[in-house]
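This is what each chain is made of:
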Amino acid sequence: WRGREGAPYSTLVPSDEVTINYRHGLPVITLTLPTRSERCRFTVKPMVTTVGTFLQDVQREDKGIERAEVFATDGSKVSDATLMEVLLMNDFKLVINNTAYSVSPPVKDKLSSEHATEMEDIKSLVHRLFVALHLEDHQMRKEKELLQKLDHLKEELLPLEQMKARITDSADAKTSRLLWVGLALMSTQGGALAWLTWWVYSWDIMEPVTYFITYGSAMAFYAYFVLTKQDYIYPDAKDRQFLHYFYRKSKTQHFNVERYNKLKEDLAEAEESLRRLRQPLHLRLPIQEINDKD
């Protein structure tokens, strides 16, 4: 039997030096510690313990062990990440310092279908318990990260929000003034037509004038549709004019609208993620306790 570099081990010990017995369903590995020359038992959990963890436990028990490795019967090294459940399915060699121990795990009795189903249920229960025990820590870390992200986004948005508020007030004031000017012009036009109809000319003369004014207004509304591809609806026209003033003012004030919108989207996404994280079904807590935490 040779090591990875081809050098023979000084001793190849028979399998009785390392024994494996099952107690309460768990394998117990018994071996002789080289420095202390005494037998020591190691109970492993095959579905959780890895080869690396088992070797660390052996070295921790005997500080004189400088080298501890596991090899398959064909001489290939067994990875430290391999579960002990997989290792105990076949024969292997345990190397401690320069001594190689030949190990033959006992063959476990085949489980009945009912017992196998019960074992699968137990494994599933253990997995759910593991997830439940570690879920709260993960959610706490995730919540902390989201809160830090929210604080950072709000700090970036604060000066932009203040600038946007000033620009919005200015654009809204200009839009309102434009609406009042339109109302004043329409009132003036109506008064002028009434004055020309009853005091200066007659209706027979003013009727064609009013017709062409109406036709000119229809042409203006149609031109608005051709240019904007929208009907001339007063609320929509007001919003369009507001946006025109807003973007023109933003350019003069060096307000980055794209960056502001991106920050708002990131803020909404982070808030939604935090809300979903704090849902009672995700935290597995009563609704009242969630409300208290908020």
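About the cut-offs
- Residues numbered from 1 in each chain as written.
- Predicted model: local features only at pLDDT ≥ 70, side-chain atom pairs only at ≥ 80, totals over all residues.
- Heavy atoms only, no water.
- UniProt positions renumbered as here; feature names shortened; annotations may be inferred.
- Buried < 20%, exposed > 50% of the residue type's maximum accessible area, 1.4 Å probe, protein only.
- Helix = DSSP H or I, 4+ residues; strand = E, 2+ residues; numbered from the N terminus.
- Arc of directions from axis to C-beta.
- Contact = heavy atoms within 4.5 Å.
- Phe/Tyr/Trp six-rings, centres within 6.5 Å; stacked < 30°, edge-to-face > 60°.
- Pairing = 2+ DSSP bridges.
- Axes fitted to C-alpha atoms, helices over the stretch in contact; angles between N-to-C directions.
- Salt bridge = Lys/Arg side-chain N within 4 Å of Asp/Glu carboxyl O.
- pLDDT = per-residue confidence, 0-100.
- Polar contact = N/O pair within 3.5 Å; in protein donor to acceptor, adjacent residues only side chain to side chain.

Per an unreviewed UniProt entry, the recorded name for the chain is Calcium uniporter protein, and the organism is Haliaeetus albicilla. According to the UniProt record, the Function (unreviewed entry) comment for the chain is "Mitochondrial inner membrane calcium uniporter that mediates calcium uptake into mitochondria. Mitochondrial calcium homeostasis plays key roles in cellular physiology and regulates cell bioenergetics, cytoplasmic calcium signals and activation of cell death pathways."

Undergrad: I'm lost on helix 1 (residues 51–61) in this one. Help?
TA: Given 3.6 residues per turn, any residue in an α-helix points the same way as the ones three and four places further on. Buried within helix 1 we find Val51, Gly52, Phe54, Leu55 and Val58. Burial along helix 1 is one-sided: seen end-on, the buried residues are contained in an arc of 160°. Buried residues along helix 1 sit in contact with strand 3 (26–33), strand 4 (38–43), strand 5 (68–72), helix 2 (84–87) and strand 6 (92–96).

Undergrad: Sorry if this is basic, but what is going on with the packing of aromatic side chains here?
TA: Aromatic ring pairs are defined here through the distance separating the ring centres and the angle between the ring planes. Under the criterion given, the structure shown has 7 aromatic pairs. With a centroid separation of 6.4 Å and an interplanar angle of 15°, the aromatic rings of Tyr211 and Tyr215 are classed as stacked. Here the residue Tyr211 and the residue Tyr215 both occupy positions in helix 4 (residues 203–228), the gap between them amounting to 4 residues, near one helical turn. Judged by its relative accessible area of 48%, Tyr215 falls in the partly exposed class. Look at Phe255 and Tyr260: their rings are 5.6 Å apart centre to centre, the planes differ by 50°, and that puts the pair in the tilted class. Grouped by ring-pair contacts, the aromatic residues Phe242, Phe246, Tyr247, Phe255 and Tyr260 constitute a single cluster.

Undergrad: Is there a simple way to explain unusual backbone geometry in this structure?
TA: The phi angle of most residues is negative, glycine excepted, and most peptide bonds adopt the trans form. With phi around 55°, Asn97 is a residue other than glycine that occupies positive phi space. Turning to its location among the elements, Asn97 is positioned in the loop between strand 6 and strand 7 (99–103). Under the relative-accessibility criterion, Asn97 is labelled partly exposed at 22%.

Undergrad: What should I look at first to understand the sheet that holds strand 3 in this one?
TA: Either a parallel or an antiparallel arrangement is found when strands of a sheet pair, and the pairing is made through backbone hydrogen bonds. With antiparallel pairing, 3 strands are arranged side by side in an open sheet as 2-3-4. A single partner strand is all that each edge strand has here, and the edge strands are strand 2 (19–23) and strand 4. Strand-to-strand twist in this sheet, taken as the mean axis angle between neighbours without regard to direction, amounts to 30°. Two elements, strand 2 and strand 3, share 5 bridges in a ladder whose sense is antiparallel. Each residue of the ladder has a partner; that of Thr19, found in strand 3, is Thr30.

Undergrad: Help me out: how do you make sense of the pattern of salt bridges in this one?
TA: A side chain of one charge can pair with a side chain of the opposite charge when the charged atoms of the two come close. Using the criterion set out here, one finds 7 salt bridges in the structure. Between Asp80 and Lys77 there is a salt bridge whose closest N-O contact spans 3.7 Å. The exposure class of Lys77 is partly exposed, given its relative accessible area of 34%.

Undergrad: What is the right way to read the pairing of strand 7 from this model?
TA: If a strand is regular, its side chains alternate between the two faces of the sheet. A large share of strand 7 lies buried, amounting to 4 of its 5 residues. Bridge count between strand 6 and strand 7: 5 bridges; the pairing is antiparallel. Bridging across to strand 7, Phe92 finds its partner in Val103. What sits between strand 6 and strand 7 in their antiparallel hairpin is a turn of 2 residues, with Asn97 showing a positive phi close to 55°.

Undergrad: Is there a simple way to explain the confidence of the model for the chain in this structure?
TA: A low pLDDT score tells you not to read the predicted coordinates there in detail. Residues of the chain with pLDDT of at least 70 account for 79%, and the chain-wide mean is 78. Between the elements of the chain, mean pLDDT differs from a low of 43, seen in helix 8 (residues 287–293), to a high of 89, seen in strand 5. Confidence drops under pLDDT 50 across residues 1–8; counting only partners more than four residues distant or on other chains, this segment forms 17 contacts. This model gives residues 281–294 a pLDDT under 50, and the stretch forms 16 contacts once residues within four places in sequence are excluded.

Undergrad: Looking at this structure, how should I read the side chain of Thr32?
TA: Counting through the fold element by element, Thr32 comes out in strand 3. Side chain to side chain, Thr32 and Arg39 meet in a polar contact 3.1 Å long. Beyond its immediate stretch of four places on either side in the chain, Thr32 contacts Glu17, Ser37, Glu38, Arg39 and Tyr101.

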